[in-house]
Every structure is written in C-alpha cells, then in structure tokens.
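Fold and geometry: a report
Here's the letter readout for the chains.
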Amino acid sequence: MASSPAYLSLPKASFFSFPPQNVPDWLAPPKAGSIPSAPPFDIPESVYQAWLNPMVPITIATVYAVSAKLLNRYNKSTGNRPWAISTTRPFKAFVILHNVFLAVYSAWTCWGMYGALSRSFVSPFGPSGIAGSLDSMCRMSGPAGYGNGVVYNEVTKTWESYSPSVALSSDGKPLSTDTGRLWNEGLAFYGWIFYLSKFYEVLDTLIILAKGKFSSTLQTYHHAGAMMCMWSGIRYMSPPIWIFCFVNSGIHAMMYTYYTIAALKIRVPMVIKRSLTTMQITQFLLGGSAAMLHSFVTYAVPVVVNATQKSTPSARASSETASGAGLEQVRDLVYTPCITSAAQTFGVWLNVVYLAPLTYLFMSFFVQSYLKRSAAEQKKKDRRYSDLAVTAEKAGWDAAKGVEREVYGASNEQAVIDDTPNGHTITGSRPTGRVLRKRA
C-alpha cells in the first residue's frame, strides 16, 4: 500500500460534521487580464461574497418550493385552465427567448469549463503518473506542478502547501495569479455564474404553471436541490463540483435547444426525447459515483526535507544536493487524502445525497413516459389493426353478397351460397348440405 501512487481508504470521521467548522474564506476569481486565462469581465468581490451567503440559496429554494406547491393547488382549483397571459404573443415570444438564452448560456459555460479542464488536468500517462493526475484534480488552488497544490488546514486555520517554493498572498491565501489549477483557470468564474443560473431556471416551472399544468415533484426537487448543491460546491471549493458544472451545462445546452425547437412547434422525434432523459440519468449515476469516490482517494505527494546524510531518506525517496546550502535536500513522499476538510466533504456528500432520489425520480419518469407509454401504444396499435382486419373482412363478405345478388339476380338464374365451415363460397352448381336458395 505504501509504495502505491494511490489507494482507497475510509475518510476521517472528523470530516463528517454539520455544519462545517473552521471554514476557509471564499476565493474570488482572477481579475480580468491578470492571467492569460482570466475571465472576460470582473465580478465585484462584494457581490461574489454576498451571493455565497448560505441564506441566499436557502431562502430562494424555500420560496420556490412553497410557491410551486400553492400554484399547483390554484391550477387544480381552476380545472387546469391556462392563465390568460399564456395565450398572448409576448408570452410565447418570451418562452422561445428564455430557452434560446439558456441553451446558448449553457453551451458557453460548457466550453469555458472545457478550457479550464484542458489547462488543469494532468494525464495519468505523464511523468508524474496517476498521483500527478489526481493531484491536478484534487488540489484546485496553487501553481501548476505535481505537489504544488495549496490546501486549507482546518486545525491551524491556514492555507498550506507541501512545496516550499509555493508563495501565498499577504493575507495568507492562494494567489489569484497562479495558473494551472482548476479554480483560477475557470471554475471560480464559470462555477459561480452557473450557481446563479440555478435561480433563473425556476422560470421553467413558472412557464409550465402558466399553461395550466402541474409542477411535478421531480421538477420542484430538481430545481430547489440544484441551488443548494451548486452553492455548497462553490462556497467550499469542493473538487468534484467541476463535474456538475461541465457535464450538466453540456446536457442543458442540448436540452434547452430541444425546448426551443418544441416551442417553435417543430415536431421532435421520440428517440431524441428519450436520449436526453437517458443522458441525464447517466450523468447522475456516473457523476454521483465519481464525486463520492473523491472522499475515498489517497495519493502520494512529493515533499522536500533536509538531511545531513544520504542514507536518511527511505528507499522510495530520491535525493539531490541543494546548491550552497551545506545540507542534502531529500525528496520524499507523503500520502494525503483528496478531500482534506469537513467543508469539502459536506460539498461532496450533499451532492451525492441529492442525486440519489433525483436519479430515482428520473428513472421513474423514464419508465412512465417512455417504456410503459410505448407498451400501451403498441397494444393500442395492435388492437386497432385487429379491429381493422375484422372490419375489412366483414366489408369483403358484404361486398361479395352484393356482387352475388347483382350477377345472379340480373341473369334470373338460381344462386346458391354454400355455407361451409371455411366461409361463404358463391357457386352455380347444385349444392350439397344445408343451402339457401334465392330466385330473381
């Protein structure tokens, strides 16, 4: 175990405390132009901090859930009659623009997060191997380089790094000008705006209610929970939150494109609807599993120690002499968990707990909307074909009787219909068995 670059282990029990204690201060994104990958515009630090106050998502989520419940009752009391505003042209135009905006915004966020990941993620096939790759994902602050990450120590209430070459700001925080780590490369900026977008997305529910429909438990839970999960991930700088920002924004870009097409009264094939729901369920299963796994990962980090003799370090350490120091600098390995604080742990497990029932609700929706509906439609189609066949057969025999009357009746000849077990056969010969005779 000790010689492995990474292994799985149980997280510390002290990390599971609610509410989290000794929480680090929030870290604002870099200023525009301060680094090559800086955001396109600045977010005032006072605004950035104010929206990360826990009372913001708690209040908005509560008001939203209660309002949706009350408006469901109102729609039921009116017999699900659409609101007057829903039939106006401005409302229909708003629905289209709303979906276009969210489709474009989601695509922009997904592209921004892709850039941040491409600048931060270190391949496990590189010189630093699996441990270096994990370090690039678990340590979101600090300069690039294996072992250069900065973490918050809840005991000393300070930011620390295993590398002595890493510099901190005058107030002891990670520098906003450091590059190569996920937070400064885009997560602090795109993640915070994505968190705010969860408040705007509740207009989806208002549109549905205005049309006289109900807001389902799935939709209410989805929107309210997303606010809290994005808040916890960004506020506590929990490493797995990039999964939510990147994957969810990509799926939302496709989903709101579909809503836009539907709002334009363009027929969308059922396979596309089913595929979108399948992708949502898949992201919940894989994303939730990956987020949970962060709490169990421990990996090796290189450290530099001073020694007077080469024989001091362990067998797995490499050594080199520090120039002009008079001492031997020895490079050793220590093992550190990916999730290092109760605050980050809270961000991880709030998302996991939220995703469990959400996945169940989406799977139930999938079964009800697609599998059972498809089976019911197939039975209905089979029954319709059966009824059509019976009707066609009956019409055929009625037509045959009509032809028999016209042909044999017009020629003033005897017509005989032989009633056999296989059906009715028109014949002009003398019958055998039970017969029906007709004369013109």
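Please refer to the structure placed before this passage.
What this report covers is the structure whose coordinates are included nearby. (Residues numbered from 1 in each chain as written. Predicted model: local features only at pLDDT ≥ 70, side-chain atom pairs only at ≥ 80, totals over all residues. Heavy atoms only, no water.)

Points about the side chain of Ser-141
Structurally, Ser-141 is set in the loop between α4 (129-138) and β2 (150-153). Ser-141 sits in the buried class, given a relative accessible area of 9%. Aside from chain neighbours lying at most four places away, what touches Ser-141 is Leu-27, Gly-149, Val-150, Pro-174, Arg-181 and Trp-183. (Helix = DSSP H or I, 4+ residues; strand = E, 2+ residues; numbered from the N terminus. Buried < 20%, exposed > 50% of the residue type's maximum accessible area, 1.4 Å probe, protein only. Contact = heavy atoms within 4.5 Å.)

A few points about the packing of aromatic side chains
Scanning the entire structure with this criterion turns up 25 aromatic pairs. Summarising the aromatic geometry, the rings of Phe-296 and Trp-349 are spaced 6.4 Å apart at their centres and angled 75° between planes, so their arrangement reads as edge-to-face. With Phe-296 in the loop between α9 (270-294) and β4 (297-307) and Trp-349 in helix α10 (residues 342-410), the pair connects residues that are 53 residues apart, well separated along the chain. Judged by relative accessible area, Phe-296 falls into the partly exposed class, the value being 25%. Overall, the relative accessible area of 22% leaves Trp-349 in the partly exposed class. (Phe/Tyr/Trp six-rings, centres within 6.5 Å; stacked < 30°, edge-to-face > 60°.)

Considerations on the environment of Thr-78
Here Thr-78 is to be found in the loop between α2 (55-77) and α3 (89-120). Owing to a relative accessible area of 17%, Thr-78 belongs among the buried residues under this scheme. Remark: the alpha-carbon pair of Thr-78 and Gly-212, spanning 134 residues in sequence, is separated by 8.5 Å.

Regarding empty space enclosed by the protein
All chains considered together, the criterion is met by four cavities of 30 Å³ or more. In this structure, the largest cavity spans a volume of roughly 200 Å³. Along the wall of the largest cavity there are 17 residues; nearest its centre are Ile-243, Phe-244, Gly-287, Asn-351 and Leu-355. Among the elements of the structure, α8 (241-263), α9 and α10 are those that each provide at least two residues to the lining of the largest cavity. In terms of residue class, the lining of the largest cavity is built from nine nonpolar, eight polar and no charged. Of the voids in this model, the second largest cavity is the one considered here, and its volume is about 170 Å³. Counting residues per element, the ones that place at least two in the lining of the second largest cavity are β2 and α10. Broken down by element, the lining of the second largest cavity gets its largest block of residues, three residues, from β2. Its residues assigned to classes, the lining of the second largest cavity shows twelve nonpolar, four polar and one charged. (1 Å grid on protein atoms, 1.4 Å probe; cavity = no way out; pocket = protein on both sides within 12 Å on 5 of 7 lines; lining within 4 Å. Points joined across faces, edges and corners; volume = space filled by probe spheres on them. Nonpolar A, V, L, I, M, F, W, Y, C, P; charged D, E, K, R; others polar.)

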